[in-house]
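Secondary and tertiary structure notes
So you can see what is in the structure, the chains are spelled out below.
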Amino acid sequence: MTSKDNRQPSQGTDAGAAQEAVISVRDVTVAFGRNVILDKLDLDIRRGEVLGFIGPSGSGKSVLMRTILGLNQKKSGLIDIFGQDVDKVNERQKMAIDMRMGVLFQQGALFSSLTVLENIQVPMREYLDLSPKLMNELARLKIDLVGLKPDTAEKYPSELSGGMIKRAALARALALDPEVVFLDEPTSGLDPIGAADFDDLIANLRDTMGLTVYMVTHDLDSLFAICDRIAVLGQKKVLVDGTVEELLKFDDPWVQTYFNGKRARQIDMNAANRRRKSSAIPVEKKGTDLSGTENQNTNLDAGPDTELNQ
Ligand SMILES: Nc1ncnc2c1ncn2[C@@H]1O[C@H](COP(=O)(O)OP(=O)(O)OP(=O)(O)O)[C@@H](O)[C@H]1O
């Protein structure tokens, strides 16, 4: 676990390529006018991990995601993506970096006037020069990859359920076979079964394709089920990052309230561990979590609405 006071350098501290930082954020400050949202923030996103990003509403989780993606300007600091300082790349290099990253925005953000197939082809048209036949084949492969039926291709977003929209948006985010995908609250608005299915899909993509996932979420089930590591945004910085088990022991009122608050309920830690990547997280002893109790009480709602210790 690293907290803001003992932050590690981005590379070379841990064994193997699994710890390689594909994205490093250092000392990044973002402000809108005089309103400073992020202040000298540090964060690493490591290859092949699902990184969950949590923090109070309005703390800047989406702003950070948009800043990494180059959609918001930073005031100062360094963002290194795939080993390149984004301030020093030319247009062609920037485009090459963009192609290696996919994004699923909070509401799916599909074009309502385009079919699912056409939506998935939008990034292909923007970045690649492919024949219509090849684009159709590739888009249909993505539709299959995210678990949608083939006939979804011809449907418009208005004809899809919430879960199907998320999957179609994910298919579009995967259109260019990115190495990293950014997901902004991917399971919001889904029923628990739909959300669990979506979690499984993300975990599967990580495990089979080595996908790196940066996931802003308020969904504790997702955090427990598929996140290899969680970063907490607070006081305009990454307050702490670590595994769920490490965060449960982190002495901060907001973090404790988030995971152990008044609307607590049982989370099956063993089920969570089964679904998480075994190489990233050691599986605890059967029936016991790291706090030594049978299963962990967690709070689904208190966290995001609770003020962080300032
Ligand atoms: N383009 C913008 N111009 C001015 N202020 C902005 C802009 N974008 C975001 N903000 C402000 O930055 C702050 C952080 O917003 P952000 O959307 O990142 O929060 P969040 O942590 O993702 O919240 P939530 O969990 O509710 O989605 C908010 O106060 C928001 O009003």
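Each value, and the rule that gives it
- Residues numbered from 1 in each chain as written.
- Predicted model: local features only at pLDDT ≥ 70, side-chain atom pairs only at ≥ 80, totals over all residues.
- Heavy atoms only, no water.
- UniProt positions renumbered as here; feature names shortened; annotations may be inferred.
- Helix = DSSP H or I, 4+ residues; strand = E, 2+ residues; numbered from the N terminus.
- Contact = heavy atoms within 4.5 Å.
- Axes fitted to C-alpha atoms, helices over the stretch in contact; angles between N-to-C directions.
- Left-handed = near helix turned anticlockwise from the far one by under 90°.
- Nonpolar A, V, L, I, M, F, W, Y, C, P; charged D, E, K, R; others polar.
- Core = buried A, V, L, I, M, F, W, Y, C linked by side-chain atoms within 4.5 Å.
- Buried < 20%, exposed > 50% of the residue type's maximum accessible area, 1.4 Å probe, protein only.
- Domains from an automatic or database assignment.
- Pairing = 2+ DSSP bridges.

Per an unreviewed UniProt entry, the recorded name for the chain is Phospholipid/cholesterol/gamma-HCH transport system ATP-binding protein, and the organism is Pseudochrobactrum saccharolyticum. Note on the chain: under the UniProt heading Subcellular location (unreviewed entry), the record states "Cell inner membrane". In the Sequence similarities (unreviewed entry) part of its UniProt record, the chain is described as follows: "Belongs to the ABC transporter superfamily."

1. A few points about the environment of Met 215
Position of Met 215 among the secondary structure elements: in strand 9 (residues 212–216). C-alpha of Met 215 to C-alpha of Glu 185: the two residues are 30 residues apart in sequence and 6.9 Å apart in space. If we skip the residues at most four places from it in the chain, Met 215 touches Val 50, Leu 51, Gly 52, Phe 53, Leu 183, Pro 186, Ser 222, Ile 226 and Cys 227.

2. Brief notes about the packing of helix 3 (residues 116–127) against helix 4 (residues 132–145)
Contact geometry for helix 3 and helix 4: axes closest at 9 Å, N-to-C directions at 115°. Of the two possible hands of crossing, helix 3 and helix 4 adopt the one that is right-handed. Residues Val 116, Leu 117, Ile 120, Gln 121, Met 124 and Arg 125 of helix 3 lie in contact with helix 4, whose contacting residues are Met 135, Asn 136, Leu 138, Ala 139, Arg 140, Lys 142 and Ile 143. Its residues placed into classes, the contact of helix 3 with helix 4 shows eight nonpolar, two polar and three charged.

3. What about the nonpolar core?
Leu 170 and Phe 259 are the most contacted members of the largest nonpolar core, which has 52 residues in total. Of the domains in this structure, domain 1 (21–100 + 180–279) and domain 2 (114–177) are the two that each give at least three residues to this core. Look past the residues within four positions of Leu 170 in its chain and what remains in contact with it is Leu 104, Val 146, Leu 183, Phe 198, Leu 201, Ile 202 and Leu 205.

4. Quick look at the sheet that holds strand 3 (residues 35–46)
With antiparallel pairing, the four strands of this open sheet are ordered in space as 3-2-5-6. Looking at which strands have only one partner, the edges of the open sheet turn out to be strand 3 and strand 6 (84–85). Note: strand 2 (residues 21–32) against strand 5 (residues 76–81), five bridges, orientation antiparallel. Opposite Thr 29, over in strand 5, you have Ser 76 as the bridge partner. Most of the contacts of helix 1 (residues 61–68) go to strand 3, to which it runs at about 65°, and overall it touches strand 2, strand 3 and strand 5.

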